[in-house]
Amino acid sequence: METISGKLLVSDEIYNKLLEKIMAGYWSAGERLPSEKQLCEMFSASRVSVRAALQRLQANGLILTRQGLGSIIQEPHSNVKLLPFTQSDLSQQSFAEFAEFRAMLEFKAVDLIAARHDPVALQQIRQALLNFEKYGPQSQKDLDFYDYQFHMTAISNCGNEFIIKTINTFQDAFYHYVEEVHHLAPQPYSYLASSHRAMVEALEQRRPDVWKKLILEDIVVYQKLCFKGSREHAAE
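Residues numbered from 1 in each chain as written. Predicted model: local features only at pLDDT ≥ 70, side-chain atom pairs only at ≥ 80, totals over all residues. Heavy atoms only, no water.

Draft legend 1. Structural context of the pattern of salt bridges. Overall, the coordinates contain nine salt bridges when judged by the stated rule. The closest approach of N and O atoms between Glu 133 and Arg 197, which form a salt bridge, is 2.8 Å. Of this pair, Glu 133 sits in helix α5 (residues 119-135) while Arg 197 sits in helix α9 (residues 189-204), and the two are 64 residues apart along the sequence. The class of Glu 133 is partly exposed, set by a relative accessible area of 23%. In this structure, Lys 165 engages Glu 161 in a salt bridge whose closest nitrogen and oxygen atoms are separated by 3.4 Å. (Salt bridge = Lys/Arg side-chain N within 4 Å of Asp/Glu carboxyl O. Helix = DSSP H or I, 4+ residues; strand = E, 2+ residues; numbered from the N terminus. Buried < 20%, exposed > 50% of the residue type's maximum accessible area, 1.4 Å probe, protein only.)

Draft legend 2. Quick look at the packing of aromatic side chains. One pass over the structure, following the stated rule, counts 13 aromatic pairs. Here the aromatic rings of Phe 98 and Phe 101 are separated by 5.6 Å at their centres, their planes lie at 55 degrees, and the arrangement is tilted. Placement of the pair is Phe 98 and Phe 101 together in helix α4 (residues 92-116), with a separation of three residues, close to one helical turn. Here the aromatic rings of Phe 98 and Tyr 177 are separated by 4.8 Å at their centres, their planes lie at 40 degrees, and the arrangement is tilted. Highlighted residues: Phe 98 in helix α4 and Tyr 177 in helix α8 (residues 171-184), separated in sequence by 79 residues. Here Phe 98 matches Tyr 177 in class, with each residue buried. Each member of the aromatic cluster is reached from another via a ring pair, and the members are Phe 95, Phe 98, Phe 101, Tyr 135, Phe 145, Tyr 146, Tyr 148, Phe 170, Phe 174, Tyr 175 and Tyr 177. One residue, Lys 21, lies across the ring of Tyr 26, its end atom 4.3 Å from the ring centre. (Phe/Tyr/Trp six-rings, centres within 6.5 Å; stacked < 30°, edge-to-face > 60°. Lys NZ or Arg CZ within 6 Å of the ring centre and 35° of its normal.)

Draft legend 3. Geometry of the environment of Glu 180. Looking at the secondary structure, you find Glu 180 in helix α8. Through-space distance from the C-alpha of Glu 180 to that of Val 10 is 7.0 Å; in sequence the pair is 170 residues apart. Ignoring anything within four residues of it in the chain, the contact list for Glu 180 reads Leu 9, Val 10, Ser 11 and Ser 49. (Contact = heavy atoms within 4.5 Å.)

Draft legend 4. Main features of the layout of surface pockets. Its volume calculated, the largest pocket comes out at about 320 Å³. For the lining of the largest pocket, the secondary-structure elements that each account for two or more residues are α2 (36-43), α3 (47-59), α6 (140-156) and α8. In terms of residue class, the lining of the largest pocket is made up of seven nonpolar, two polar and seven charged. (1 Å grid on protein atoms, 1.4 Å probe; cavity = no way out; pocket = protein on both sides within 12 Å on 5 of 7 lines; lining within 4 Å. Points joined across faces, edges and corners; volume = space filled by probe spheres on them. Nonpolar A, V, L, I, M, F, W, Y, C, P; charged D, E, K, R; others polar.)

These figures capture arrangement, not role.
What follows is the structure, encoded as structure tokens:
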């Protein structure tokens, strides 16, 4: 299994490692890369991150991906400058825009859940919390997934089919957002668990305002940590 350092986006690190192997001749032109499933296992990463890395390799002419055939190694073009990724491609603007999109859906969802106070919905959200507490500490991949699943479960139990369909359409982007924010601005598990418990208790008490406040506070913290370097560089 390949080790991910966490210093870059997961997709960037996967790209770098695959690029290094290709340029070193680990795979020859015409050979197939391991399948997406095998790469996910190799890097202990999500399909979203693996696909993003493969798309970059294809954009640089290093692989050719075909449905049913997989990814085939190509001879690199001599005029293509191949450099590893050295920084995140999660821009400050894309972070802010997705945070706004997420808040728009999640805040309305928790309003609806609190108003309806459906015991089945509340039980499913509490179960998602228990899953996060049980499996989250086991690995970074588990932390990413069960944090994502917790928020998806809340939104999916709001009772509004249009909100649910919208978040399902963008679920890969949502997972990628959660995964990369965790890597760029890691928070202690104890803090995350405490925050999630407070969110569930707030919903059970019909206090969606508390859930929203916690999310907004997290967005501010993550934005500061994720883009601290870019602000310092701009100030020089």
